[in-house]
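Structural description and commentary
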Amino acid sequence: MSTNALLEPTTELSKALHQDVVEDQSASSIVNRLKSKNKELQTQSINTYQQFWTESENNNEESRTTMYKTLTNTYYNLATDFYEYGWGESFHFARRSIGETHRESIRRHEHLLFSAAKITSGMKVLDVGCGVGGPARECIRFTGAHVTGLNNNDYQIQRANIYAAKYKQQDHSAFVKGDFMDMPFADNTFDAVYAIEATCHAPVLKGVYSQMYRVLKPGGYFAIYEWCLTDKFDQSSELHRKLALDIEHGDGIAKLFGTDVALQAAKDAGFEIEIVSDIAHETTIGNEIPWYSYLDVGMIDFSGLQGFARSHIGRKFTSSAVKILEKVGIAPEGTVKVQDVLTTAADSLVAGAKIEIFTPMYLIVGRKPLN
């Protein structure tokens, strides 16, 4: 299949694909969302995404890196509804303390980053790769700052604006479409910049970090949680390579980089590094439960809809339901493939975490020099 067969995820495509469901604010309405998609465009989008990973001329690292915007945008056109159904409004992980709920741990994880970036009331803050705006909304609540969310996916921007209206945060937030490798902002615009498990989609980490440096005011702070391969990753290991590729495939990532690459990229971008920590592999008081526990919950979880959805039985239930919906024509053809990709992602993330070759929360905090 040639590159001409790729369906580019344009603004027009997003409107045609999602326009009937974008006003739906319920994270549990996965059936209604699937039913209301443009089935032809959904199927074409699924086929486009799979070209990067199956038998085609685009199944190679060079194509995925060169066409990272097509890869990532198509992935989130397909995966966003499932993310909200299974995870909530903040698409990231967090270590958890004993007795702490999933949502509480997510908020605390965000608060730690906001504090590290020294965000305070009245600041102009940039959230790079903001998803549907969950962390941005929490930053507003926690700090009183004004947050601009940058995202290259039209559907997620629409979702973020719907949530902003729901929580009456329109005057404290803005969601802007743009490529984080070429940000649509003037130099020295923001008082602080952060990213939570988002810049892993960049084809070159120095590129996105340099853009964050450019738009940050002198003296301002940069804080990120980065997805990385750790120094325990062995390129000669077939298992390690397979798990890394499965994580990339399951999460719309062109290429995972090592923690050493991420740290050097931040330094090369110009930041004065103040904090470096792999939180994923540091068990401390208040962080006793590993970040992947909510992907590895066991056979059943009755803590709520999203907990059930993440359990083994819940995943099988969702998979079976999607198969039925696809068979009877309610869900677009290929939706089962999307569910399979997300299941592969969950399994490979847990496996990679348990042998400590992967981290989704490599913390880097740096400051842009005053001069």
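Here, every reference points to the structure presented above.
This report concerns the structure included in the present document. (Residues numbered from 1 in each chain as written. Predicted model: local features only at pLDDT ≥ 70, side-chain atom pairs only at ≥ 80, totals over all residues. Heavy atoms only, no water.)

A few words on the overall build of the protein. Broken down by element type, the protein carries 14 helices and 7 strands. With 371 residues in all, the protein has 59% of them scored as buried. Put simply, the protein shows about 15200 Å² of open surface, and 52% of that area lies on carbon and sulfur atoms. Averaging the locations of the 37 positively and 46 negatively charged side chains of the protein gives two centres separated by 4 Å. (Helix = DSSP H or I, 4+ residues; strand = E, 2+ residues; numbered from the N terminus. Buried < 20%, exposed > 50% of the residue type's maximum accessible area, 1.4 Å probe, protein only. Areas by Shrake-Rupley, 256 points an atom, 1.4 Å probe, with all protein chains shown as cover. Lys, Arg positive; Asp, Glu negative; His and termini not counted. Charge placed at Lys NZ, Arg CZ, Asp CG, Glu CD.)

This brings us to the pairing of strand β7 (residues 358-367). The buried fraction of β7 amounts to 9 of the 10 residues, a majority that puts the element mostly inside the structure. For strand β5 (residues 216-229) and β7, the ladder comprises 8 bridges, and the chain directions are antiparallel. Bridging across to β7, Ile 224 finds its partner in Ile 364. In terms of strand pairing, strand β6 (residues 272-278) meets β7 through 6 bridges, oriented antiparallel. Residue pairing in the sheet places Ser 277 in a bridge with Leu 363 of β7. (Pairing = 2+ DSSP bridges.)

In the contact formed by helix α6 (residues 102-116) and helix α7 (residues 134-143), the axes pass within 10 Å of each other and the chain directions differ by 70 degrees. As the angle between them shows, α6 and α7 are arranged roughly perpendicular. Crossing hand, α6 versus α7: right-handed. Facing Arg 103, Arg 107, Glu 110, His 111, Phe 114 and Ser 115 of α6, the residues of α7 in contact are Pro 135, Glu 138, Cys 139, Phe 142 and Thr 143. Here the contact of α6 with α7 is built from residues that sort into 4 nonpolar, 3 polar and 4 charged. (Axes fitted to C-alpha atoms, helices over the stretch in contact; angles between N-to-C directions. Parallel < 35°, antiparallel > 145°, perpendicular 65-115°, else oblique. Left-handed = near helix turned anticlockwise from the far one by under 90°. Contact = heavy atoms within 4.5 Å. Nonpolar A, V, L, I, M, F, W, Y, C, P; charged D, E, K, R; others polar.)

For the pair helix α10 (residues 238-251) and helix α14 (residues 335-354), the least separation of the axes is 8 Å and the interaxial angle reads 140 degrees. The orientation of α10 with respect to α14, classified from their angle, is oblique. Between α10 and α14 lies a crossing whose hand is left-handed. In this structure, α10 contributes Leu 243, Asp 246, Ile 247, His 249, Gly 250 and Asp 251 to the contact, and α14 contributes Val 341, Leu 342, Thr 344, Ala 345, Ser 348, Leu 349, Ala 351 and Gly 352.

A sheet is described by the order of its strands in space; here 7 strands give the open sequence β3-β2-β1-β4-β5-β7-β6, paired in mixed fashion. Each edge of the open sheet is held by one strand with a lone partner, namely β3 (173-177) and β6. On average, adjacent strands in this sheet sit at an angle of 15 degrees to one another, irrespective of strand direction. In this sheet, strand β4 (residues 190-196) lies alongside strand β1 (residues 124-128) in parallel orientation, the contact comprising 3 bridges. The partner of Val 125 across the bridge, within β4, is Ala 192.

The full count for this structure, using the stated rule, is 17 salt bridges. With a shortest N-O distance of 3.0 Å, Glu 138 and Arg 141 are connected by a salt bridge. With a gap of 3 residues between them, Glu 138 and Arg 141 both fall in helix α7, about one helical turn apart. Judged by its relative accessible area of 6%, Glu 138 is buried. Notably, a salt bridge pairs Asp 154 with Lys 177, separated by 2.7 Å at the nearest N-O pair. Here Asp 154, found in helix α8 (residues 154-166), pairs with Lys 177, found in strand β3; they are 23 residues apart in sequence, far enough to count as distant. (Salt bridge = Lys/Arg side-chain N within 4 Å of Asp/Glu carboxyl O.)

Burial within β1 is extensive, with 4 of its 5 residues counted as buried. Taken together, the 5 bridges between β1 and strand β2 (residues 146-151) define a ladder with parallel strand orientation. Note that in β2 the partner of Leu 126 across the bridge is Thr 148. This β-α-β element, β1 to α7 to β2, shows right-handed connectivity. (Right-handed = clockwise from strand over helix to strand, strands pointing away.)

We now examine the environment of Thr 72. Secondary-structure assignment places Thr 72 in helix α5 (residues 68-86). Considered as a pair, Thr 72 and Ser 45 are 27 residues apart in the sequence and their alpha carbons are 12 Å apart. Setting aside residues up to four positions removed in sequence, Thr 72 forms contacts with His 201 and Gly 252. One polar contact links the side chain of Thr 72 to the main-chain carbonyl oxygen of Gly 252, over a distance of 3.3 Å. (Polar contact = N/O pair within 3.5 Å; in protein donor to acceptor, adjacent residues only side chain to side chain.)

So, on to the nonpolar core. By size, the foremost hydrophobic cluster in this structure holds 51 residues, and its most contacted members are Ile 119, Tyr 194, Trp 227 and Trp 291. Breaking this core down by element, the ones donating at least two residues are α6, α7, α8, β4, β5, α10, α14 and β7. The element contributing the most residues to this core is β5, with 5 residues. In this structure Trp 227 touches Phe 93, Glu 197, Cys 200, Ile 247, Asp 251, Ile 253, Leu 256, Phe 257, Leu 349, Phe 358, Thr 359 and Pro 360, once residues within four positions along its chain are discounted. (Core = buried A, V, L, I, M, F, W, Y, C linked by side-chain atoms within 4.5 Å.)

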